[in-house]
Amino acid sequence: MKQVQMWQDQLKSDWKSILGEEWNKPYMLELLAYMADEYRDHEVFPAQEQVFAALEATPYEATKVVILGQDPYHGAGQAHGMSFSVQPGVAIPPSLRNMYKELHSDLELPIPTHGCLRAWSEQGVLLLNTVLTVRSGEPLSHRKRGWETFTDEVIRQLNTKQEPVVFILWGNEAIKKAEMLDRSRHHILTSVHPSPLSARRGFFGSRPYSQTNEFLVRHGLTPIDWSIPEYVIQAEELFLHN
């Protein structure tokens, strides 16, 4: 129970109570025991205190958009608990670079000079990975250990929102989650993944940013300012060090 409480206490937004029943389910107890061993015996990303950073930065009630990733970046210093985002000062990964190219093409915004997407999360864009941790240098190493069950519950809870949500699903694994969603209330945008391996097969030209804003405005919601201001670097550094 002490271990469960330690993890649960990391989450202070409204997600803590919304996901309250998950913490003592058998799968979660097994997952947290496994993660205790992983953090003890291996280098794991992100840092334990950042595992729920996306849920902390974007509360349930504030969520208007979900960008669903797979698992965290597995290189040192990259992952900080938000899908596709990297910590300030870290080189922009190829998939995010392609997201920025499409951002420029779609909305004519300047291509950002850093990869921290916290400015999006603070406007209601939940940057959720389906798996929340990974071993250093071993992509998908924590797949099928229980995180998918947990993040599926996050998606189910968002599906119950009366206020419509835009779900941005890139790549086959993310697109499978559309089966969980009520299309009569929510808006689902799909395309191939922005990875360099697939981006030219349908990601470029998909216009996810403008389509999201068009839907939000149509439903009386404030659109997302997709620009990434330079001051986010300073804000994120403060966030990381507090």
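Q: Is there a simple way to think about the nonpolar core in this case?
A: A general trend in soluble globular proteins is that nonpolar side chains are found buried together. If you look at the biggest cluster of nonpolar residues, it comprises 67 residues, and the most contacted ones within it are Phe 52, Ile 67, Trp 120, Trp 147, Phe 150 and Trp 226. For this core, the element with the highest residue contribution is helix H3 (residues 26-41), accounting for six residues. Each residue touching Trp 226, except ones within four places of it in the same chain, is listed here: Val 65, Ile 67, Leu 103, Leu 107, Leu 109, Trp 120, Val 125, Tyr 209, Thr 212 and Asn 213.

Q: Would you mind going over the sheet that holds strand E6 (residues 187-191) with me for this structure?
A: In a beta sheet, neighbouring strands pair by backbone hydrogen bonds and run either parallel or antiparallel. Overall, parallel pairing links the four strands, which are arranged E3-E2-E5-E6 in an open sheet. What marks the edges here is a single partner per strand, and that holds for strand E3 (125-129) and E6. The mean angle between the axes of side-by-side strands here comes to 20°, regardless of whether they run parallel or antiparallel. The pairing of strand E5 (residues 166-170) with E6 spans five bridges and is parallel. Its bridge partner being in E6, Phe 167 is matched across the sheet by Ile 188. The strands touched by helix H7 (residues 147-159) are strand E2 (65-69), E3 and E5; relative to E3, the strand with the most contacts, the crossing angle is about 150°.

Q: Mind showing me how you'd approach unusual backbone geometry here?
A: A negative phi angle is the norm for most residues apart from glycine, just as the trans form is the norm for most peptide bonds. Residue Phe 45 is joined to Pro 46 through a cis peptide bond whose omega torsion reads -10°. With respect to the element layout, Pro 46 can be found in the loop between strand E1 (44-45) and helix H4 (53-57). Look at Lys 144: it is not a glycine, yet its phi comes out positive at around 60°. Among the residues examined, Lys 144 registers a relative accessible area of 71% and is labelled exposed.

Q: Mind showing me how you'd approach helix H9 (residues 208-218) here?
A: Quick reminder: α-helices carry 3.6 residues per turn. Residues three or four places apart thus point the same way. Considered for burial, the residues of H9 that qualify are Pro 208, Tyr 209, Ser 210, Thr 212, Asn 213, Phe 215 and Leu 216. Tucked inside the fold, the buried residues of H9 contact E2, helix H5 (94-107), helix H6 (118-121), E5 and E6. After H9 finishes, the residue Gly 220 shows a positive phi value of roughly 75°.

Q: What is the right way to look at the packing of aromatic side chains in this model?
A: Geometrically, a pair of aromatic rings is defined through the distance of the ring centres and the angle of the planes. Counted under the stated rule, the structure contains 15 aromatic pairs. With a centroid separation of 5.6 Å and 70° between ring planes, the pair formed by Phe 84 and Trp 170 is classed as edge-to-face. Here the residue Phe 84 occupies a position in the loop between E2 and H5, and Trp 170 occupies one in strand E5, the gap between them amounting to 86 residues. As far as the burial class goes, Phe 84 and Trp 170 line up, both buried. Relative to Tyr 209, the ring of Trp 120 lies with its centre 6.0 Å away and its plane at 55°, an arrangement referred to as tilted. Residue Trp 120 is found in helix H6, and its partner Tyr 209 is found in helix H9; the two are separated by 89 residues along the sequence. Residue class for Trp 120 comes out buried when judged on its relative accessible area of 0%. Taking the ring centre of Tyr 60 as reference, the NZ or CZ of Lys 161 above it sits at 5.3 Å.

Conventions we followed
- Residues numbered from 1 in each chain as written.
- Predicted model: local features only at pLDDT ≥ 70, side-chain atom pairs only at ≥ 80, totals over all residues.
- Heavy atoms only, no water.
- Core = buried A, V, L, I, M, F, W, Y, C linked by side-chain atoms within 4.5 Å.
- Buried < 20%, exposed > 50% of the residue type's maximum accessible area, 1.4 Å probe, protein only.
- Helix = DSSP H or I, 4+ residues; strand = E, 2+ residues; numbered from the N terminus.
- Contact = heavy atoms within 4.5 Å.
- Pairing = 2+ DSSP bridges.
- Axes fitted to C-alpha atoms, helices over the stretch in contact; angles between N-to-C directions.
- Phe/Tyr/Trp six-rings, centres within 6.5 Å; stacked < 30°, edge-to-face > 60°.
- Lys NZ or Arg CZ within 6 Å of the ring centre and 35° of its normal.

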